[in-house]
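If you want the building blocks of each chain, they are given just below.
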Amino acid sequence: GLSKGFRFLGKSFFSKVSYSRSLYSTQSRDISGSDDSLSGSKYMAYLNMLANENWYYHAFFKQHNLKGATELTIARTGVGFGYRF
């Protein structure tokens, strides 16, 4: 992955993107009568903006693409805020 802090329009930002692949996989039970483990990839993007000295906002997108006995795609999008002390 890559991450970078930068300034834009007088605000501080932090961004991160990454990609990963499965190296090893296990499962707790068979899927559709098959013992094939799921494997695949994940990618994500994250952006954080410092609103003032302590408060920040962030947003992210993450997706998992898995294959094995079945195909599974999980996509998550989120927004939030935080306080650092």
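So, how was this worked out
Residues numbered from 1 in each chain as written. Predicted model: local features only at pLDDT ≥ 70, side-chain atom pairs only at ≥ 80, totals over all residues. Heavy atoms only, no water. Helix = DSSP H or I, 4+ residues; strand = E, 2+ residues; numbered from the N terminus. Rg over C-alpha atoms; globule rule 2.2 N^0.38 Å. Buried < 20%, exposed > 50% of the residue type's maximum accessible area, 1.4 Å probe, protein only. Contact = heavy atoms within 4.5 Å. Areas by Shrake-Rupley, 256 points an atom, 1.4 Å probe, with all protein chains shown as cover. Lys, Arg positive; Asp, Glu negative; His and termini not counted. Charge placed at Lys NZ, Arg CZ, Asp CG, Glu CD. Pairing = 2+ DSSP bridges. Axes fitted to C-alpha atoms, helices over the stretch in contact; angles between N-to-C directions.

1. Some details on the overall build of the protein chain
The helix and strand inventory of the protein chain stands at zero helices and five strands. Beginning at the N terminus, the succession of helices and strands in the protein chain can be written as β-β-β-β-β. In terms of C-alpha radius of gyration, the protein chain reaches 18 Å, well past the compact-globule figure of 12 Å for 85 residues. Dimensions of the protein chain, computed from the C-alpha atoms along their principal axes, are close to 55 × 20 × 20 Å. Taken across its 85 residues, the protein chain has 14% of its residues classed as buried. Contacts in the protein chain between residues at least 24 apart in sequence constitute 40% of all its contacts with a sequence separation of at least 6. Total accessible area on the protein chain is roughly 6600 Å²; 55% of this is exposed by carbon and sulfur atoms. Put simply, the protein chain has 11 plus and 5 minus side-chain charges, and the middle of one group is 18 Å from the middle of the other.

2. A few points about the sheet that holds strand β4 (residues 55-67)
Read from one edge of the open sheet, five strands run β1-β2-β3-β4-β5, paired in antiparallel fashion. Pairing within the sheet leaves two strands with one partner each, and these edge strands are β1 (2-8) and β5 (71-83). On average, each strand axis in the sheet is tilted by 10° relative to the strand beside it, whichever way the strands run. Bridge analysis of β4 against β5 gives 13 bridges, and the strand direction is antiparallel. Across the sheet, Leu 66 pairs through a bridge with Leu 72, a residue of β5.

3. With respect to unusual backbone geometry
Its identity as a non-glycine residue notwithstanding, Leu 9 has a phi of 50°, on the positive side. Tracing the sequence through the fold places Leu 9 in the loop between β1 and β2 (11-21).

4. Quick notes on the side chain of Ser 41
Relative to the assigned elements, Ser 41 resides in strand β3 (residues 39-50). A relative accessible area of 11% means that Ser 41 is categorised as buried. Residue contacts for Ser 41: discarding those within four places in its chain leaves Tyr 19, Ser 20, Arg 21, Gln 63, His 64 and Asn 65.

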